[in-house]
Amino acid sequence: MSKKKLVSLALGTSLVFSASFTGTTFAQSSTDSITSNMDIHQKLIDKKGPDFLSGKLSKGIVKNEKDVKKFMKANKELFKIDPHSELTLIEKTTDELGSTHYRFSQTIKGVPIDGATFIIHTNKENEVTGATGQLYDKAAKKVTKTKSSISKNAASDLAWKHINLSKSDTVVDYQNVAGPKSDIENTTVKNDLVIHEKDGEFNLAYKVQLQFIKPYGANWQIFVDAEDGRILEAVNAVSDAGTTGYGYGVLDDYKSLNTYYENGTYYLFDVTKPMNGVIETLTANNGSSLPGYYSVDSNNAWTAYSQSADVDAHAYAGKVYDYYKNTHNRNSFDNNGATIRSTVHYGSNYNNAFWNGSQMVYGDGDGSTFTSLSGALDVVAHELTHAVTERTAGLQYQYQSGALNESFSDVFGYFLDPGDYLMGEDVYTPGVSGDALRSLSNPTQYGQPAHMNDYVNTSSDNGGVHTNSGIPNKAAYNTIQRIGKAKAEKIYYRALTVYLTPTSNFSYARAALLQSAADLYGTGSSTYNSVKAAWDAVGVY
Ligand code: ASN
Ligand code: ZN
Ligand code: CA
């Protein structure tokens, strides 16, 4: 990238360089005659001055801070800063070899430049043998303000706001949740006024450090501009806790898993998504209290039979998250990156799965009607879509709006698992092959109506929400058959999130889907006409 320059070193009472530094250089042993027995390594970072310099750099005696600064002043071309006004001694130590290390912070009017630590090393003869670290030669000119305009507290608030959390969100409730817990119980907030450098820009900033373990392990370093409150940079220094494991699902299929390591234990805790929260999987251990306990493993190989429901709930929740994010740019069910929690092994022989308003819950089935319900991607998609519906259309869970609520969950179950038009086939009646819970293509096969003529008037099942969903399901099947999945999913997502409301009925859904088709593909387009025909065919106008 940048050209290599050989730097010649002239030895006198002090060090003088003849070359100017414009590129990253690593030059070994100057060929210059004067430097005969020198071994000089240097690495220069573009325009920032020396980074690492070693060798016998001075002949004179350097015994104290004053001498160090004098030495640096004499080599101003190299160090490029004024040591008297810009260096603050942080620490002076002498090691067992008799070397002394003068550790400085570069400061502008007493405010440290974050990361600008510079160390001068001397040997036991008090000769300078090394100069290491980072100095910013442009800082003194560029930094004009060293008094902040906003308060420290305001900066902390802005930092929390930036990561979409408040301090109270990070307090661990050890009563309810087992696992990842450490002995650090309290969230720590640190806040210091510094000069922040990025890409040659210098800004007076509050360096706010937010350290916590819930909802994910974090050591955030957030630089808040001390003049206008802008976020200059935000980095979470904790990323190494996220790990990748593997396991086998309910159908004994191999799966890679995003897990989390802490204190010798792995958790089904996925921190890899761009969420505000995480994807986490817990187990009720066949009880009925929620959320239960984190699923744990000692070696990140989730291979035990008893872990298969946990493996699938976790992996499939991630798949559904990815689907909504990648296909619809929706970040989790609330579109604000909320934590997706699943609890498996709920109850005993429990033949159901549900979204309870804040998390997903899966039974293991009784082994004949169902096996563990998280073992089916369409079931997981169905349940998580209930959460999406709740936060968007809000379809009331009774009669026609309830049947639409059910239908949208089934339809997105198909979008996630488009190999067939069946729902729940992977976990339904493990002893019988080829059957399912419901079918979009042939609702009547499982006792559902497929046309308004057969609409079931009942007060059970909240007005037949799992029965009459057959009608909009069949309309969805007709639509997908005519226009394909890619267009259909765009239309369905748009209708759900933009047009449908809590009290929408079938007729309204038809209108909402048609409007979405018109928005996306044009009124009267063949796509639009296909949606129309799909609903005509089930008798909904
Ligand atoms: N598994 C069922 C569903 O999601 C639970 C329920 O009746 N809501 O539709
Ligand atoms: Zn449902
Ligand atoms: Ca299916």
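Since the structure is predicted, the reported quantities are computational estimates derived from the model, not experimental observations. (Residues numbered from 1 in each chain as written. Chains lettered and ligands numbered in written order. Predicted model: local features only at pLDDT ≥ 70, side-chain atom pairs only at ≥ 80, totals over all residues. Heavy atoms only, no water.)

Draft legend 1. Representation of the overall build of the chain in the model. When helices and strands are counted, the chain shows 13 helices and 26 strands. Within the chain, the proportion of its 541 residues that are buried is 53%. Restricting the contact set of the chain to residue pairs at least 6 apart, pairs at least 24 apart contribute 55%. Surface summary for the chain: the accessible area is close to 23,700 Å², and the carbon and sulfur share equals 47%. (Helix = DSSP H or I, 4+ residues; strand = E, 2+ residues; numbered from the N terminus. Buried < 20%, exposed > 50% of the residue type's maximum accessible area, 1.4 Å probe, protein only. Contact = heavy atoms within 4.5 Å. Areas by Shrake-Rupley, 256 points an atom, 1.4 Å probe, with all protein chains shown as cover.)

Draft legend 2. Main features of the coordination of the zinc ion (ligand 2). Around the zinc ion (ligand 2), the donor atoms from the protein are His382 (NE2), His386 (NE2) and Glu406 (OE), and they sit 2.0 to 2.1 Å away. The sequence pattern describing where the donors of the zinc ion (ligand 2) fall on their chain is H-x3-H-x19-E. Taken as a pair, His382 in helix H7 (residues 377-391) and Glu406 in helix H8 (residues 399-416) lie far apart in primary sequence, 24 residues in all. (Donors = N, O, S within 2.8 Å, 3.2 Å for Na, K, Ca; no water.)

Draft legend 3. Local environment of the pairing of strand S7 (residues 100-108). The buried count for S7 comes to seven of nine residues, which makes it a mostly enclosed element. Of the pairings in the sheet, the one linking strand S6 (residues 87-94) to S7 comprises seven bridges and is antiparallel in character. In the sheet register, Thr88 faces S7, and the bridge partner there is Ser105. In this structure, the hairpin formed by S6 and S7 is closed by a connection of five residues, where Gly98 is found at a positive phi of approximately 90°. Two strands pair when backbone bridges link them, and S7 and strand S8 (residues 111-122) are joined in this way by eight bridges, in the antiparallel orientation. Note on S8: the bridge partner recorded for Ser105 is Thr117. (Pairing = 2+ DSSP bridges.)

Draft legend 4. Geometry of the coordination of the calcium ion (ligand 3). At the metal site, the calcium ion (ligand 3) is ligated by Asp378 (OD), Asp417 (OD), Asp420 (OD), Leu422 (O), Glu425 (OE) and Glu425 (OE), and these contacts range over 2.3 to 2.6 Å. One can describe the donor arrangement at the calcium ion (ligand 3) as irregular, given that its six donor atoms subtend angles of 50 to 157° at the metal. Ordering the donors of the calcium ion (ligand 3) by residue number gives the pattern D-x38-D-x2-D-x1-L-x2-E. Taken as a pair, Asp378 in helix H7 and Glu425 in the loop between strand S25 (422-423) and strand S26 (438-439) lie far apart in primary sequence, 47 residues in all. (Tetrahedral: all angles 85-135°; square planar, octahedral: opposite > 155°, others 65-115°.)

Draft legend 5. View of the pattern of salt bridges. One pass over the full model with this rule turns up 17 salt bridges. Residue Asp137 is joined to Lys138 by a salt bridge in which the shortest nitrogen-to-oxygen separation is 3.4 Å. Relative accessible area serves as the criterion here: at 40%, Lys138 is assigned to the partly exposed category. The residue Asp253 makes a salt bridge to Lys255 at a minimum N-O spacing of 2.6 Å. Residue Asp253 is classed as partly exposed on the basis of its relative accessible area of 28%. (Salt bridge = Lys/Arg side-chain N within 4 Å of Asp/Glu carboxyl O.)

Draft legend 6. Summary view of the sheet that holds strand S20 (residues 296-297). In spatial order, the strands read S20-S16-S15-S14-S21; together these five strands make up an open sheet with mixed pairing. Unpaired on one side and paired on the other, S20 and strand S21 (301-302) mark the two borders of the sheet. One ladder, built from seven bridges, connects strand S14 (residues 242-248) with strand S15 (residues 254-262); its direction is antiparallel. In the strand pairing of S15, Tyr246 is matched with Ser256.

Draft legend 7. Region of interest: the packing of H8 against helix H10 (residues 470-483). Where H8 meets H10, the closest approach of the two axes is 9 Å, and the angle between their N-to-C directions is 35°. As H8 runs across H10, the sense of the crossing is right-handed. Residues Ala403, Leu404, Ser407, Asp410, Val411, Tyr414 and Phe415 of H8 pack against Pro472, Asn473, Ala476 and Ile480 of H10. Its residues assigned to classes, the contact of H8 with H10 comprises eight nonpolar, two polar and one charged. (Axes fitted to C-alpha atoms, helices over the stretch in contact; angles between N-to-C directions. Left-handed = near helix turned anticlockwise from the far one by under 90°. Nonpolar A, V, L, I, M, F, W, Y, C, P; charged D, E, K, R; others polar.)

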